[in-house]
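# What the coordinates show
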Amino acid sequence: MSQTIILTARAAAPRMRMRTEIVALALLAPSLIFLAAFTYWPVFGVTLRSLTQQRFGQNASYGFDNFARLFADPHFSTAVHNTIVYAAGTILPSLALALAFALALREQGTLTAALRAILVMPLLIPLVAASALFVFVFLPGGGLLDYYFAKLGLHATNWLGDPDLALAAIIAITIWKNTGYYMLFFLAGLAGIPEEYHEAAKIDGAGAITRFWRITLPLLGPTIAFVTVIALVNTLVQIDHIIVMTGGGPSDSTNMILYYIYQQAEQNMDTGLASAATVICVGSLLAISVLALRTLERGIHYES
Amino acid sequence: MRLLASTALAVSLLTAQAHAATDIDFFFPVPVQGKLAVEMTRLVDAFNSSQQDVHVTAVYTGAYDDTNLKTRAAIQAGKPPAAVLMSANFIREYVINNQAISLDGLIGADHETPGQFIGKFFPAVRPNAMEGGHVYGVPFQNSTPILYYNTDAFKEAGLDPEKPPVTWQEWVDDAKKLTKRDGATITRSGLTIISNYDTLGWLISGLSMSNGGDYYNRGWGGEVYYNTPSTIGAVQFMDDLVHKHHVMPEGVNDANAVANAFFAGRTAMMVNSTGALGFIRDNMKLPFKVAFVPRAMRNSVPIGGASLLIPTGNTPERQSAAWKLISYLTSPAVNGGWSRYTGYFAPRMAAYDLPEMKDYFAKNPDAKVAVDQLAYATPWFATFNTVGVRKAIEDQVQAVLSGKIKPAEAMANAQKAADALLRPYVEQTALKLPE
């Protein structure tokens, strides 16, 4: 009798497991289908296209010609260089500012709530609209910025038309736009740090600065890692202001990798070059994100 | 039984077709103000109610570049629109890529030769509508650059507002007198030439052609003449305006910034499109006039604007329906009305014989200057890879205007970059020789 039960159970176990798997698969299917159709399939398509060499009036062949052309293209090196400068110029200041604001405004109160709302405001304005407004702020001579600079005795500046200044102007807008957003994450992160740690440290005689470096910053590790990755993705995918304000100019000085991809794909109709640039771009983004999450999460063992 | 059913179906389909109108879609861009989209929809509605055979759905497809993108995507997806209003300098690429049909057959069905048909449009707009002697586009709205000047500033500088500069020498002399300085700072520039991407390439082509050049090969899309004395001279002229005569602001002057500077009296003269005339008229509070763009050796301004084309992949039935729409939109009355509404000039010459147009000129003499300048208009820059090849010179001229490089070296760079972009086409055409 007991033997039969064991036998049935043995026979039933794989069937049960299979059924659970089918149910799991069915439950996952909606998102799986969308992921496959709109993420994995395009990734596969872009990779294939980056290896397809098709020049005007010739039959397609396969190889690494697109990548060779990409690395030989001075416009691509300029775009990569600009993107690195842009990333360094936006991520560090906006993260530092966001953290500073979060620390200053972490207490609950009417005034802090109002100030927080003001800082988060740029997040609510679409980047396209903000860029269209900033075109007028930056207007040489008549813009808001030059209006106040003139009061200080400074003469008109062609902010977006000077290749040495245009990227800095773009960086400034990005910092303005994103700092409030990152501050929200830091506020959430700060709320998750138990107050006892600070109290214990205070009893041990640790000052505010020591407490920041030894308690707050290490415990914010996961938040910093997360925000860094978000900020990195933003530097690559946010190009609305470039399209509206400079078109990548003057002389490519504000051209970014994504805008370069757009130029190749839609203006020069060179899908091979555009796909190769996309593969490089997404590949390096993936590598940097993994690296950022790993290094920054390494030091976090305090929680349990 | 099945045969009977299918015959019945076929018969009913045929009769249905005989009664129902052919439904077609029409892509149109609006490069300037949004109110144009409303007017275009009104025109298409008027066409739909004027006859029973064709029903057109007008689809607003954004700016010129977006329309180009959407049209190419639709062609690749096998669902091309029946007609598109396309930036006239892209037509050559549509022909090169076999994405637009020759309109010769449809013209022939109307008992005209291609020559007779295109002869009804201003000579300056014809080359961008034709390729290898065949008609591919029907011009609908066009513009050229023109000189706008602030007449108050002219009076203040002791210049006669009735005598705008005619030659480059007079242009520089006047610009110097018109420039106001506060120490080393320029408070009013004598002249500003728009230098953002797209417009810059258009304006340089005009200056180069005025300076004796050809700028690009008009008959074949594989050659541009950047590293030539005529173009280097034109770029040197712009460089001098900034760095030698100090009458133009340094760096890139965006179209928007230039218009604003003109409205605020911070630039006394500007070169802008005739298509902006309505916009300037509405926003300029100070008195202004327009004049021909001054000349070096000859008057020359490039054409801009859009033509109607029929993409490949449409059935003959849809093609002839599209042709009916195109014929309607480019008829003298409709084309003239659109011109008065938008500020573009009407490419259809007969539009100017209509009484409404004569009244309009009497009221708006500046609109007449734009049309008179057409006698000196040259075709619009069009090559294989037009946008990229144009950007090759724009990047370099922007560097010149920012004081980063000198014209001769800049044009050598521009030529090299352009040749590299043209190379795939050149290899398949001019350098593809008998084996």
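From a predicted model like this one, the values you see are computed outputs, not experimental measurements.

## Overview of the overall build of chain A
For chain A, the count of helices and strands is 13 helices and 2 strands. For 304 residues, the compact-globule estimate of 2.2 N^0.38 gives 19 Å, and chain A exceeds it by more than 25% at 26 Å. Across its three principal directions, the C-alpha atoms of chain A cover 100 × 75 × 30 Å. For chain A, with 304 residues in total, the buried portion stands at 38%. A separation threshold of at least 6 residues defines the contact pool for chain A, and within that pool the share at least 24 residues apart is 67%. Averaged over its 16 positive side-chain charges, chain A has a centre that lies 12 Å from the centre of its 17 negative ones.

## Some points on the overall build of chain B
When its secondary structure is counted, chain B shows 18 helices and 14 strands. By its C-alpha atoms, chain B is 95 × 60 × 30 Å across when sized along the principal axes. Buried residues in chain B amount to 57% of all 435 residues. If you take every contact in chain B between residues at least 6 apart in sequence, the share linking residues at least 24 apart comes to 74%. As presented, chain B carries roughly 17600 Å² of accessible surface, and 57% of it is formed by carbon and sulfur atoms. Looking at chain B, you have 38 positive and 40 negative side-chain charges, and the mean spots of the two groups are 2 Å apart.

## So, the side chain of B:Arg348
All names here are of chain B. Looking at the element boundaries, Arg 348 is found in the loop between helix 14 (332-342) and helix 15 (355-363). The buried charged residue Arg 348 lacks any salt bridge partner; its closest oppositely charged side chain belongs to Glu 112, at an N-O distance of 6.8 Å. From its side chain, Arg 348 meets the backbone oxygen of Thr 330 in a polar contact 2.9 Å long. With residues up to four places along the chain from it excluded, the contact list for Arg 348 reads Lys 120, Phe 121, Thr 330, Ser 331, Pro 332 and Asn 335.

## What to know about the packing of helix 9 (residues 208-219) of chain A against helix 10 (residues 221-237) of chain A
Residues and elements named next belong to chain A. Orientation of helix 9 relative to helix 10, taken along the N-to-C sense of each, is 50 degrees, at an axis distance of 4 Å. In this view, helix 9 runs oblique relative to helix 10, as classed from their interaxial angle. Two secondary-structure elements touch here, helix 9 through Leu 217, Pro 218 and Leu 219 and helix 10 through Gly 221, Pro 222 and Ile 224. Along the lines of polarity and charge, the residues of the contact of helix 9 with helix 10 split into 5 nonpolar, 1 polar and no charged.

## So, the domain arrangement of chain A
All names here are of chain A. Domains assigned within chain A are domain 1 (2-50) and domain 2 (70-298). The interface is formed by 4 residues belonging to domain 1 together with 6 residues belonging to domain 2. When domain 1 packs against domain 2, close to 370 Å² is buried across both sides, 73% of that on carbon and sulfur atoms. Contact with domain 2 buries area across many residues of domain 1, yet Val 46, Arg 49 and Ser 50 alone supply 92% of it, more than any other trio. Along the contact surface separating domain 1 from domain 2 lie 0 salt bridges. Counting the contacts that link domain 1 with domain 2 gives 0 residue pairs in polar contact (both at pLDDT 80 or more). Along the lines of polarity and charge, the residues of the side of domain 1 that touches domain 2 split into 1 nonpolar, 2 polar and 1 charged.

## Brief notes about the packing of helix 3 (residues 74-104) of chain A against helix 10 of chain A
Residue and element names in this part refer to chain A. Contact geometry of helix 3 with helix 10 gives a least axis separation of 10 Å together with a crossing angle of 140 degrees. With respect to helix 10, the element helix 3 is oriented oblique. The handedness of the crossing between helix 3 and helix 10 is right-handed. Each of Thr 83, Tyr 86, Ala 87, Thr 90, Ile 91 and Leu 95 in helix 3 lies in contact with helix 10, whose residues at this interface are Val 227, Thr 228, Ala 231, Leu 232, Thr 235 and Leu 236. Classifying every residue of the contact of helix 3 with helix 10 gives 8 nonpolar, 4 polar and no charged.

## Some remarks on a nonpolar patch on the surface
All names here are of chain A. Together, Leu 25, Leu 28, Leu 32, Leu 35 and Tyr 40 make up a nonpolar patch on the protein surface, roughly 480 Å² of accessible area in all. Structurally, Leu 32 can be placed in helix 1 (residues 2-50). Judged by its relative accessible area of 37%, Leu 32 falls in the partly exposed class.

## Examining the nonpolar core
Formed by 127 residues in total, the largest nonpolar core has its most connected members in B:Phe26, B:Tyr148, B:Trp171 and B:Ile193. Listed in part, the 38 residues of the second largest apolar core include A:Phe76, A:Ala102, A:Ile215 and A:Ala277.

## Brief notes about a negative patch on the surface
Taken together, the side chains of A:Glu107, A:Glu195, A:Glu196 and A:Glu199 define an acidic patch exposed on the protein surface. In this fold, A:Glu107 is placed in the loop between helix 3 and helix 4 (110-124).

## With respect to the sheet that holds strand 8 (residues 180-182) of chain B
All names here are of chain B. Here 5 strands make up an open sheet; going across it, the order is 8-9-10-7-11 and the pairing mixed. A strand with exactly one partner marks an edge of an open sheet, and here the two such strands are strand 8 and strand 11 (288-291). Pairwise comparison of adjacent strand axes, ignoring direction, gives a mean angle of 25 degrees for this sheet. With 4 bridges connecting them, strand 7 (residues 145-150) and strand 11 associate as antiparallel partners.

## Some remarks on the pairing of strand 9 (residues 185-193) of chain B
All names here are of chain B. The sheet contact formed by strand 8 and strand 9 spans 3 bridges and is antiparallel. When the sheet's bridge partners are listed, Lys 180 is paired in strand 9 with Arg 188. In this structure, the hairpin formed by strand 8 and strand 9 is closed by a connection of 2 residues, where Gly 183 is found at a positive phi of approximately 70 degrees. Of the pairings in the sheet, the one linking strand 9 to strand 10 (residues 267-273) comprises 4 bridges and is parallel in character.

## As for the domain arrangement of chain B
Residue and element names in this part refer to chain B. By the assigned domains, chain B splits into domain 1 (20-136 + 304-378) and domain 2 (145-303 + 380-428). Computed over C-alpha atoms only, the centres of domain 1 and domain 2 are separated by 28 Å. Facing 30 residues of domain 1, the contacting portion of domain 2 comprises 35 residues. A combined buried area of about 2700 Å² lies between domain 1 and domain 2, and 56% of that area is made up of carbon and sulfur atoms. Put simply, domain 1 and domain 2 have 1 salt bridge between them. For Arg 281, the salt bridge goes to Asp 366, with nearest N and O atoms at 3.3 Å. For the side of domain 1 that touches domain 2, the elements supplying multiple residues, two or more each, are helix 4 (91-96), strand 13 (304-309), helix 16 (365-372) and strand 14 (377-378). With 5 residues, helix 16 is the single largest residue contributor to the side of domain 1 that touches domain 2.

Criteria and cut-off values
Residues numbered from 1 in each chain as written. Chains lettered and ligands numbered in written order. Predicted model: local features only at pLDDT ≥ 70, side-chain atom pairs only at ≥ 80, totals over all residues. Heavy atoms only, no water. Helix = DSSP H or I, 4+ residues; strand = E, 2+ residues; numbered from the N terminus. Rg over C-alpha atoms; globule rule 2.2 N^0.38 Å. Buried < 20%, exposed > 50% of the residue type's maximum accessible area, 1.4 Å probe, protein only. Contact = heavy atoms within 4.5 Å. Lys, Arg positive; Asp, Glu negative; His and termini not counted. Charge placed at Lys NZ, Arg CZ, Asp CG, Glu CD. Areas by Shrake-Rupley, 256 points an atom, 1.4 Å probe, with all protein chains shown as cover. Salt bridge = Lys/Arg side-chain N within 4 Å of Asp/Glu carboxyl O. Polar contact = N/O pair within 3.5 Å; in protein donor to acceptor, adjacent residues only side chain to side chain. Axes fitted to C-alpha atoms, helices over the stretch in contact; angles between N-to-C directions. Parallel < 35°, antiparallel > 145°, perpendicular 65-115°, else oblique. Nonpolar A, V, L, I, M, F, W, Y, C, P; charged D, E, K, R; others polar. Domains from an automatic or database assignment. Buried area = accessible area lost by both parts, 1.4 Å probe. Left-handed = near helix turned anticlockwise from the far one by under 90°. Patch = residues over 30% accessible without salt bridge, like charges linked within 9 Å, V, L, I, M, F, W, Y side chains within 5 Å. Core = buried A, V, L, I, M, F, W, Y, C linked by side-chain atoms within 4.5 Å. Pairing = 2+ DSSP bridges.

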